[in-house]
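# Commentary on secondary and tertiary structure
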Amino acid sequence: MLRLVSSVLFLAIWWIAALFVGGAKLPSPPAVLEVMIAEAASGALFLHLGVTLARVTLAFVLAMSLGSAIGYLMGRVKLADRLGDPWLILLLNLPALVVIVLAYIWAGLTEAAAIAAIAINKLPTAIVTLREGTRALDRSLDEMASVFAMPRWRAFRHVVLPQLAPYIAASARSGLSLVWKIVLVAELLGRPNGVGFEIGVAFQLFDTPRLLAYSLTFAAVVLVIETLLVQPFEARATRWRPRAA
Amino acid sequence: MRLEVEITGKTFRSAAGGTHEVLAPVKFALQSGEVGVLIGPSGCGKSTMLRIILGLDHEFQGRIARPPKARIGMVFQEPRLLPWRSVEQNVRLAAPGVTEAKLSELFRILELQAHRDHFPGELSLGLARRVALARAFAVEPDLLVLDEPLASLDDALAGRLRDEIATLVASRPVMTLLVTHSIDDAIRLGDRLLFLSPRPARIVQEVPIAIPRAERSETDLGRIKAELAALQLESK
């Protein structure tokens, strides 16, 4: 309910602002909606959104699985931590733009280069979060699993993974928002389709209604995914915690 | 089955760089069906000894002979349950082979029926201890290790749980090692009492109790206690 009020308020502020500024710089909500409907009717909106979502999914899955595995390893094995740490610091502080540009130069303006570049941007934060999670694992529960001779996989699934779940959820949450941002840059710089490409075109034509139509639809999709996928996962991962009354 | 413990020493390097001797030479053996009790002052190295016996700590001098396929049931000082799994899942994860009948019986004896689906965070310490006991017994262990399972419980509850432990230990042939501060627990549950010295721990005295556990009357217990008190004085 409160969310609805807050969204309506946002629309109202936008509308009023549009009335004052007017014209091409800030179109009113109906004008943007009109573009949205036109783009949807032609199919272009879904095509670009779909392509962007596919890139996000691939890069996100790649970065999360690889990052979690490396982070877990670095949290468990001291040698891996020592070896990996300088790389990690380098990756963490490398600007996204540098990674994207270099990827396009070295691997060409290809799909693989785009996805790899996005994944590389997300990778270090996943590693850092999971490494922290692994370091915080409860040793006494490891000992319990070992005394009761739990097979490795069962111990991992029931003893280790639930302890990592909040870290995975946090990393997914922050990672997703990072990927949403970077994917558009990668598309703008070197892909012939996707929301980022469309925004680039709109920028060149100073076509604000089109720019807003694409970015708002994109934002709406992000919101839906956050509420339907990420939040339920977080809630499930922490359901054993006694809730505050 | 037989457990042989022959530790010749264990040192521990502190953060400050010094080395501390935690265990002096300790040697004892435990038969199937026998309950050995380790009694000693706090911090004497009992927990270290248990960790070595359980195979959690390999950095020691000496040897532990444990039947290679011996199943271990352990009750830790803190219950060490998985907070994100229900009571029943906690038991089943440690003992995947347990039958429904066996599980129901254990839950009945330990009065846990009503708590099967609860999470450990919703249990009192006394209940969590009982879940830890259920878990240890559900694996049908060959070696049962109880590390102060009754500490910080009120007397009435500790007494009841002690009786339950006695029932469960008597129900099958198992080598049991009990660590406790309480002479009462020791003489009610134990067959052989091993008194440990302050750190570095060594066995000061080994006292077998001749009367079988089930046949000890209150007068027997009183007499044994008095004898132990006399022995303690003597050794000082």
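You'll find the structure just up there.
Rules used in this analysis
Residues numbered from 1 in each chain as written. Chains lettered and ligands numbered in written order. Predicted model: local features only at pLDDT ≥ 70, side-chain atom pairs only at ≥ 80, totals over all residues. Heavy atoms only, no water. Contact = heavy atoms within 4.5 Å. Buried area = accessible area lost by both parts, 1.4 Å probe. Salt bridge = Lys/Arg side-chain N within 4 Å of Asp/Glu carboxyl O. Polar contact = N/O pair within 3.5 Å; in protein donor to acceptor, adjacent residues only side chain to side chain. Helix = DSSP H or I, 4+ residues; strand = E, 2+ residues; numbered from the N terminus. Nonpolar A, V, L, I, M, F, W, Y, C, P; charged D, E, K, R; others polar. Buried < 20%, exposed > 50% of the residue type's maximum accessible area, 1.4 Å probe, protein only. Pairing = 2+ DSSP bridges. Right-handed = clockwise from strand over helix to strand, strands pointing away. 1 Å grid on protein atoms, 1.4 Å probe; cavity = no way out; pocket = protein on both sides within 12 Å on 5 of 7 lines; lining within 4 Å. Points joined across faces, edges and corners; volume = space filled by probe spheres on them.

All right, on to the interface of chain B and chain A then. With 22 residues of chain B at the interface, the matching set in chain A holds 17 residues. A buried area of about 1800 Å², summed over both sides, lies between chain B and chain A, and 69% of it is on carbon and sulfur atoms. When the buried surface of chain B facing chain A is broken down by residue, R80(B), W84(B) and L93(B) rank first, second and third, together holding 35% of it. The interface formed by chain B and chain A holds two salt bridges in total. Measuring nitrogen to oxygen at the nearest pair gives 3.0 Å for the salt bridge that ties R80(B) to E143(A). Here chain B is connected to chain A by six residue pairs in polar contact (both at pLDDT 80 or more). Listing elements by their share of the side of chain B that touches chain A, those giving two or more residues are β6 (72-75), α2 (87-94) and α4 (125-138) of chain B. The class makeup of the residues in the side of chain B that touches chain A is 15 nonpolar, two polar and five charged.

With that settled, the discussion passes to unusual backbone geometry. In this chain, R199(B) is followed by P200(B) through a cis amide linkage whose omega measures -10 degrees. Positive phi, close to 50 degrees, is recorded for F206(A), a residue that is not glycine. Inspection of the secondary structure assignment puts F206(A) in the loop between α9 (195-204) and α10 (208-237). On the basis of relative accessible area, F206(A) is assigned to the exposed category, the value being 67%. Of note in this structure, E140(B) is not a glycine but carries a positive phi near 45 degrees.

To continue, consider the pairing of strand β8 (residues 175-180) of chain B. Residues and elements named next belong to chain B. With six of its six residues buried, β8 lies for the most part within the structure. Every second residue of β8 is oriented toward a common face, with M175, L177 and V179 on one face and T176, L178 and T180 on the other, all of them buried. Where strand β4 (residues 35-39) lies against β8, five bridges are found, and the strand directions are parallel. Within the sheet, the bridge partner assigned to I39 lies in β8 and is T180. Once you follow strand β7 (residues 143-147) into helix α5 (residues 155-170) and on to β8, the crossover reads as right-handed.

Another point: empty space enclosed by the protein. Residue and element names in this part refer to chain B. According to the stated counting rule, one finds two cavities of 30 Å³ or more in the structure shown. The space that makes up the largest cavity amounts to roughly 50 Å³. Considering the residues around the largest cavity, the lining is formed by V35, L146, I165, A166, V169, T176, L178, L189 and R213. The set of elements that each furnish at least two residues to the lining of the largest cavity consists of α5 and β8. Here the lining of the largest cavity gets three residues from one element, more than from any other, and that element is α5. A per-class count over the lining of the largest cavity returns seven nonpolar, one polar and one charged. Roughly 30 Å³ of internal volume is contained in the second largest cavity. Lining the second largest cavity are K102, L106, F137, L168, S171 and R172. Within the lining of the second largest cavity, the residues separate by chemical class into three nonpolar, one polar and two charged.

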